[in-house]
Amino acid sequence: MTTNILISGFGGQGVLFTGKFLAYEGLLENKEVTWLPSYGPEMRGGTANCAVIISDEPIGSPLVTYPDVLIAMNLPSLDKFEKDIVPGGMVFYDSSLIDRKVTRSDIKVFPIPATKMASDAGFPTLANMIVLGKLLKETAMFPAETIDKTIAKVVSARKQNLVELNKKAIQLGLEL
Amino acid sequence: MIVFEKPHALADVKLHYCPGCTHGIVHRLVAEAIDELGIEGKTIGIAPVGCSVFAYNYFNCDMVEAAHGRAPAVATGVKRANPDNIVFTYQGDGDLAAIGTAETVHSAARGENITVIFVNNAIYGMTGGQMAPTTLPGQVTQTSPYGRKPESVGYPIRVCELLSNVTGASYLQRVAVNSVKNVKEAGKAIKKAFQYQIEGKGFSLIEVLSTCPTNWGLTPDKALKWLEDNMIPYYPLGVYKDKYAEEGNKQ
Amino acid sequence: MGDKVLMKGNEALAEAAIMAGCRHYFGYPITPQTEVAAYLAKRMPLVDGTFLQAESEIAAINMVIGVASAGKRVMTSSSSPGISLKSEGLSYLAGCDLPALVINVQRGGPGLGGIQPSQSDYFHATRGAGHGDFHMLVLAPASVQEMASLVFKGFDLADKYRMTTMILADGTIGQMMEPVSLDMGEVKHYDKPWAVTGTKGERTHNIVNSLSLLPEELEQWNFKRYERYAEIEKNEALYESFLTEDADIVIVAFGVAARVARNAIVAARAKGIKAGLIRPITLWPFPKSALKEAAKTAKAFVSVELSMGQMIEDIELAIRCTRPVLLCNRAGGMIPTPEEVLAKIEKADRIGGEN
């Protein structure tokens, strides 16, 4: 079983971090994983994306051209990648920033008003973690009990004060 | 009885330099300094590309032959690998002030604890007498056959003056080897530069005004006179920077 | 798997260098290898090492020459345009028979080119890294794990043969994260009686030098060096094969291209085409015998490259042009898709069938 995930959004929306979380989850579950960011000047303020592959087999190409799962945190990302999702795949998107509907009918669609929810909850920068929570619930890729362990691992040492907030944000997503 | 001997640090081999060339004197001064400070066993010399390219054969200490202009970068590596070693470069004007300008300026800026011996004879000697970065205005060379014209090829670079503005440099002095008095002064400066390195005082550069009778087209004695009459006025002798001078005077 | 950590390729490489005993790094900022420098800028002071940002790529490689001359392990890293600048130093390292590790995280060229992944420095690395007759050991990692393990091995080979090892990586492997085990084993130590460490009055002086104005002598130096190269060609070629036992179509690819090719091979097998992969891990020495062996049963070969057809020449030479070799390539920072590689495999299957 191999899951190709593409996460895309503006720089600063936690795209790479979300990917890192999934990669660490994979690592803790003894899966093969790759995490590949787009890099260069496009990272500075433009749209950034990050490809994560989680598999039971050794992974060949680390590039994701046709994602099984897409997270779109802004409109350009949905515009760019909606057509590439494999039939039967999933798209999770921030519906407080994207005001159009997904046009495809052969994929599962999960609109999440993540930015609004994050602001209301008092952690406006953690919209990505709410989306992530919903993704974890719908894909059931990982057992729920590993989430806390992964957060502790993936949040850098000097930001450990954010661990609890991240947990809360993921919880909001899980409860959706 | 006083016996005139070769310094131990100078290898017992025939030098390839032209008759009347002052490289031999500068080699001897460096070797004397190494002898007097008793550092031959821990000294590493970096030879340049230019007339003194074979310097690696002439000193008895360990030697590295660097690419053209890169001696201060190689010296940086050697010194950083083993900071207890005493590391010097021996470079000509083309090597140090043209193709290796960046390495010179930046090793000074970093205050690398090395000693640079800079032999300035205002010409490229090894390749047969072409214009150097230090060739004087009006000076005739193979590549400035009508005399160096500053309006089209620019002015000579005064290295000590240039580096005196570099904060990282510790000790800069210009000397000459055209007279007994000046040779003695040069010897003192070179020894002091090594002494500074031993004491961890950082980057030293001694610029030695030197002659090239062959490519200047002069007899050795006339070359010494030419240096005195033409080079010294353009490149005044003296200490251009000594970070520790005041401290030294107080002692 | 418990001992595995998730690391970026560039960081795994840097950490492995420290584990290999490298305590001196000199570099200059250039995308996409800057993480190597940034990582070592943090790490080196913690292990009493030297991290120095040089004034130029040229100065950096000459600082490498200095440390190598002093007998210590040393490395520098850059990306394609910076490697061009280092070429002078690479030639001097060879001429002086000095061991060093040089990383090239390649990007698209020529000229300033771009910053996306490329393999277009293959010729430079395997043929012409500078003036004069010489080779470097060239290792091509295809995973984050190999970024670490080949750096460790690279230092060892460099010391063993007194040569430069170049790690020829690409931006993809440098930027990506994968689980990696940093269990690298023992560091082998090599005596370096030739190093300039000071005579201590106990021996005649050592000279590190590449100059000889006597052609007879310089010729002998070259002959000696090439005897060593022949020994390396015999003993050190490394490759990995995947499904080659019964392969009609053999793909040859390294680095990220090999990763993409793997997907295509799985897809081809699903369609009933017997495809396999030979992935050179050493690009010099090139694993010629493995290819020669494969040519006995394969119908055709495909060279998958992020360049305009460079490694394909080595494939054709290795098999003496006895089988058709097709090129599947992208350039300028583009990466072939598995679908493109699959299409080429299908074409090779048709052409090979006509032979």
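Per-chain numbering applies: the sequence of each chain, read as written, is numbered from 1 onward. Written order decides the labels, with chains lettered from A and ligands numbered from 1. Note on the predicted model: pLDDT of at least 70 is required for a residue's local features to be given, and 80 or more for side-chain atom pairs to be given and counted; whole-chain, interface and lining totals, by contrast, use all residues.

Go over the overall build of chain A with me, naming the residues and quoting the values.
A run of H or I in DSSP counts as a helix once it spans at least four residues, and a run of E counts as a strand once it spans at least two, with each numbered from the N terminus. When helices and strands are tallied, chain A shows six helices and six strands. Taken over the C-alpha trace, chain A has a radius of gyration of 15 Å; the compact-globule value for 176 residues is 16 Å, and the two agree within 12%. Overall, the C-alpha framework of chain A stretches about 40 × 40 × 35 Å when taken along its three principal axes. Any two residues are considered in contact once their C-beta atoms, placed from the backbone, lie within 7 Å. Relative to all contacts within chain A whose residues are 6 or more apart in sequence, the contacts with residues 24 or more apart total 56%. Radius of gyration here uses only the C-alpha atoms, and the compact-globule reference equals 2.2 Å multiplied by the residue count raised to the power 0.38.

Please give an account of the domain arrangement of chain C that cites residues and values.
All names here are of chain C. Along its sequence, chain C is organised into domain 1 (4-189 + 211-235) and domain 2 (241-354). Boundary definitions for the domains trace back to an automatic or database domain assignment. On a C-alpha basis, the centroid separation for the pair domain 1 and domain 2 is 27 Å. With 27 residues of domain 1 at the contact, the number on the domain 2 side is 23 residues. Breaking the side of domain 1 that touches domain 2 down by element, the ones donating at least two residues are α5 (122-126), β6 (137-139), β7 (164-170), α7 (171-175) and α8 (215-235). Per element, the largest residue contribution to the side of domain 1 that touches domain 2 is four residues, and it comes from α5.

Talk me through the nonpolar core; I want residue IDs and the actual numbers.
Nonpolar core, as used here: buried Ala, Val, Leu, Ile, Met, Phe, Trp, Tyr and Cys residues forming one set through C-beta atoms within 7 Å. Burial is judged by counting the other C-beta atoms within 10 Å of a residue's own C-beta: 20 or more makes it buried, 12 or fewer makes it exposed, and any count in between marks it as partly exposed, with every C-beta position built from the backbone. Formed by 251 residues in total, the largest nonpolar core has its most connected members in Val52(A), Ile130(A), Ile117(B), Val208(B), Val151(C), Ile251(C) and Ala261(C). By residue number, the principal contributor to this core is helix α3 (residues 57-69) of chain C, which donates nine residues. Viewed by domain, this core spans two of them, domain 1 (4-189 + 211-235) and domain 2 (241-354) of chain C, each represented by three or more residues. Apart from residues no more than four positions distant in its own chain, Ile251(C) is found in contact with Ala261(C), Ile265(C), Ala275(C), Leu277(C), Val302(C) and Val304(C).

Provide a residue-level description of the arrangement of the chains, including the pertinent values.
Of all two pairs of chains in contact, the one with the most contacts involves chains B and C. No part of chain A reaches chain B; the closest C-alpha pair between them is 29 Å apart.

Can you break down the sheet that holds strand β3 (residues 86-92) of chain B residue by residue, with the values?
The strand order across the open sheet formed by eight strands is β7(B)-β5(B)-β6(B)-β4(B)-β3(B)-β1(B)-β2(B)-β9(C), and the pairing between neighbours is mixed. What marks the edges here is a single partner per strand, and that holds for β7 (238-242) of chain B together with β9 (207-208) of chain C. Whether two strands pair comes down to DSSP finding at least two bridges between them. The sheet contact formed by strand β5 (residues 169-176) of chain B and strand β6 (residues 203-209) of chain B spans seven bridges and is parallel. Within β6(B), the residue paired with Gln173(B) across the bridge is Ile206(B). Fitted lines through C-alpha atoms give the axes, limited to the stretch in contact for helices. The angle between two N-to-C directions lies from 0 to 180 degrees. Docked against the sheet, helix α3 (residues 71-81) of chain B engages β1 (43-47), β2 (62-65), β3 and β4 (115-120) of chain B, running at close to 175° with respect to β3(B).

Before we move on, could you go through the pairing of β2(B) and cite the residues and values that matter?
Across the two faces of β2(B) the burial is the same, with Asp62(B) and Val64(B) and Met63(B) and Glu65(B) all buried. Of the strand pairs in this sheet, β1(B) and β2(B) are connected by four bridges, and their pairing is parallel. Bridging across to β2(B), Ile46(B) finds its partner in Val64(B). Across two bridges, the pairing between β2(B) and β9(C) is parallel. Within the sheet, the bridge partner assigned to Met63(B) lies in β9(C) and is Ile207(C).

Tell me about the interface of chain B and chain C, residues and numbers included.
Chain B puts 29 residues into the contact, and the matching count from chain C is 31 residues. Sorting the residues of the side of chain B that touches chain C by element identifies β1, β2, α3 and α5 (101-109) of chain B as the ones contributing at least two each. Per-element accounting of the side of chain B that touches chain C gives the leading share, eight residues, to α3(B). Think of it as three bins: nonpolar holds Ala, Val, Leu, Ile, Met, Phe, Trp, Tyr, Cys and Pro, charged holds Asp, Glu, Lys and Arg, and polar takes everything else, Gly as well. Residues belonging to the side of chain B that touches chain C are distributed by class as follows: 14 nonpolar, eight polar and seven charged.

Please give an account of unusual backbone geometry that cites residues and values.
Residues and elements named next belong to chain C. The omega torsion across Thr 31 and Pro 32 is 5°, close enough to zero to call that bond cis. Here Gly 109 and Pro 110 are connected by a cis peptide whose omega angle stands at 0°. Mapping Pro 110 onto the fold places it in the loop between β5 (100-106) and α5. The backbone of Asp 97 sits at a positive phi, close to 55°, despite the residue not being glycine. Look at Leu 243: it is not a glycine, yet its phi comes out positive at around 55°.

Talk me through the sheet that holds strand β13 (residues 282-284) of chain C; I want residue IDs and the actual numbers.
All names here are of chain C. Taken in spatial order, the seven strands of this open sheet run β3-β2-β4-β5-β7-β6-β13, and their pairing is mixed. Single-partner strands in this sheet number two, and they are β3 (50-53) and β13. Between one strand axis and the next, the sheet turns through 20° on average, direction left out of account. Note that β6 and β7 share three bridges and pair parallel. Looking at the pairing, Leu 139 lines up with Ile 167 of β7.

Break down the interface of chain C and chain A for me, with residues and values.
Tallying the contact residues gives 19 residues for chain C and 16 residues for chain A. Taken together, the elements giving at least two residues each to the side of chain C that touches chain A come down to β1 (4-8), α7, β8 (177-181) and α9 (255-270) of chain C. In terms of residues, the side of chain C that touches chain A owes the most to one element, α9(C), which gives four residues. Among the residues making up the side of chain C that touches chain A, the classes are represented as 10 nonpolar, five polar and four charged.

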